[in-house]
Amino acid sequence: MSRDPDNWYEEEYWEEIGRQEDIDNAIKNLSQQPIRDFLGIYGDAIDNRLDDVIAQARYARQGGFPQFAILGAVTAIELITRYMLIEPLLQGAFLSDSWAKILTRHILQRRKQAADRDLLPSVLGMYDIKLDELKLSDGSQLWKTFVAVIVPKRNAIAHEGGRATPGDADLALECANVLRKEVVAQVAKKMEFDLEKNASWHNHCDAHAVTYEPKSLFDRPASKTQSTSSPSADPKEPNGILKYWTRKIS
């Protein structure tokens, strides 16, 4: 449709379209700012924790202990799901850290990991990230393979002393790596983080030239009503790694 400058009602129409676009952009920026704040402040600490857990899972795989490689890979996926995706994106959805915490506490308090697995595709869908379309190297669906194959294998190992093959460990590690490299990368791009250029989350500079002071997400005081399933042990500690990987997950 072309604009006719001689028709006042068309001019009014286009002005209204412009006002609506301004409103839409303002709402978009308002909803994305809490996500940027969360990732800008806590993203580096989460990445460091992920590096530790995945490195130890790979070490276990190379050392001939595929069971512990699977435990580590699933722990990494749970860290990514909750702290890189669910928690920050829900803050954007509700425009408030308080609302996100209320939802997390009252809806996800029980069976958190299972709830996260069910909730993640819908949360990502709000940001046009189609989790179900991501594939592994063998052509299988990433999320379906993780939920239907890797999680039962991990539970059998953690709760029943089950065995695993090197191929099982490789599959679990691939799930963790694809989720981190593909999904987290999409979220970062949508939130205008340039991780390749800045090499960290806190170096991101927003529209107001504000940079972030990095903090550790794992040092936050736990609420009395919150679950204590958040990782508390340093996976670098030799005496604590098995306990850290094999903590009970409903």
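This section reports on the structure supplied with the text. (Residues numbered from 1 in each chain as written. Predicted model: local features only at pLDDT ≥ 70, side-chain atom pairs only at ≥ 80, totals over all residues. Heavy atoms only, no water.)

1. Overview of the overall build of the protein
Put simply, the test is: Secondary structure elements are taken from DSSP: a helix is a run of H or I of four residues or more, a strand is a run of E of two residues or more, and numbering for both begins at the N terminus. Each residue is assigned to one of three classes by its accessible area relative to the maximum for its type, calculated with a 1.4 Å probe on protein chains only: buried under 20%, partly exposed between the two thresholds, exposed over 50%. Contacts are assigned to residue pairs with any non-hydrogen atoms lying within 4.5 Å of each other. Only the protein chains shown count as cover for residues, with accessible areas throughout obtained via the Shrake-Rupley method and a probe of 1.4 Å.
Helices and strands together make up the secondary structure of the protein, namely eight helices and zero strands. Scanning the protein from its N terminus toward the C terminus, one meets helices and strands in the order α-α-α-α-α-α-α-α. When the 250 residues of the protein are sorted by exposure, 43% land in the buried category. For the protein, contacts bridging at least 24 residues in sequence account for 73% of all contacts bridging at least 6. In the form shown here, the protein has an accessible surface area of approximately 14100 Å², with 51% of it arising from carbon and sulfur atoms.

2. A word on the nonpolar core
Selection criterion: Side-chain atoms within 4.5 Å are what join buried Ala, Val, Leu, Ile, Met, Phe, Trp, Tyr and Cys residues into a set we call a nonpolar core.
Of all hydrophobic cores here, the largest spans 57 residues; its most connected members are M84, L85, L124, L131 and L179. At the level of secondary structure, the elements contributing two or more residues to this core comprise α1 (8-62), α2 (66-94), α4 (112-125), α5 (142-160) and α6 (166-190). Tallying contributions element by element places α2 first for this core, with 15 residues.

3. Side note on the environment of I41
For I41, the location among the structural elements is in helix α1. A residue is classified by how much of its surface remains accessible, and I41, at 23% relative accessible area, is partly exposed. Excluding anything up to four places from it in sequence, I41 contacts Y212, E213, P214 and K215.

4. Describing the pattern of salt bridges
When the charged atoms of two side chains with opposite charge come close together, those side chains can pair. Rules: A pair is scored as a salt bridge if a Lys or Arg side-chain nitrogen falls within 4 Å of a carboxyl oxygen belonging to Asp or Glu.
Going through the model one piece at a time under the given rule, you end up with five salt bridges. Put simply, D47 and R180 hold a salt bridge, and the shortest N to O gap is 3.1 Å. With D47 in helix α1 and R180 in helix α6, this residue pair connects regions lying 133 residues apart in the sequence. Here K153 ties to D168 by a salt bridge, and the two come within 3.6 Å at their closest N and O atoms. Residue K153 is found in helix α5, and its partner D168 is found in helix α6; the two are separated by 15 residues along the sequence. K153 gets classed as partly exposed once you look at its relative accessible area, which sits at 28%. One salt-bridge network, held together by shared partners, links D47, D51 and R180.

5. Description of unusual backbone geometry
One non-glycine residue, D128, lies in positive phi territory at about 60°. According to the relative accessible area criterion, D128 is exposed, its value standing at 58%. Although it is not a glycine, E192 adopts a positive phi angle of roughly 70°. Take E192: it is sitting in the loop between α6 and α7 (195-198).

6. Regarding α5
Short version of the rule: To estimate the expected span of a helix, count its residues, drop one, and scale the result by 1.5 Å. The reported bend at a residue is simply the angle between two axes, fitted to the 7 residues ending at it and to the 7 residues beginning with it.
The end-to-end C-alpha separation of α5 is 25 Å, in line with the 27 Å expected for 19 residues at 1.5 Å each. Where α5 bends most, the angle comes to about 35°, and this point is I150, followed within four residues by the proline P152. Here α5 has its buried residues at L142, W143, T145, F146, I150, V151, R154 and I157. G161 sits one or two residues past α5 and shows a positive phi near 65°.

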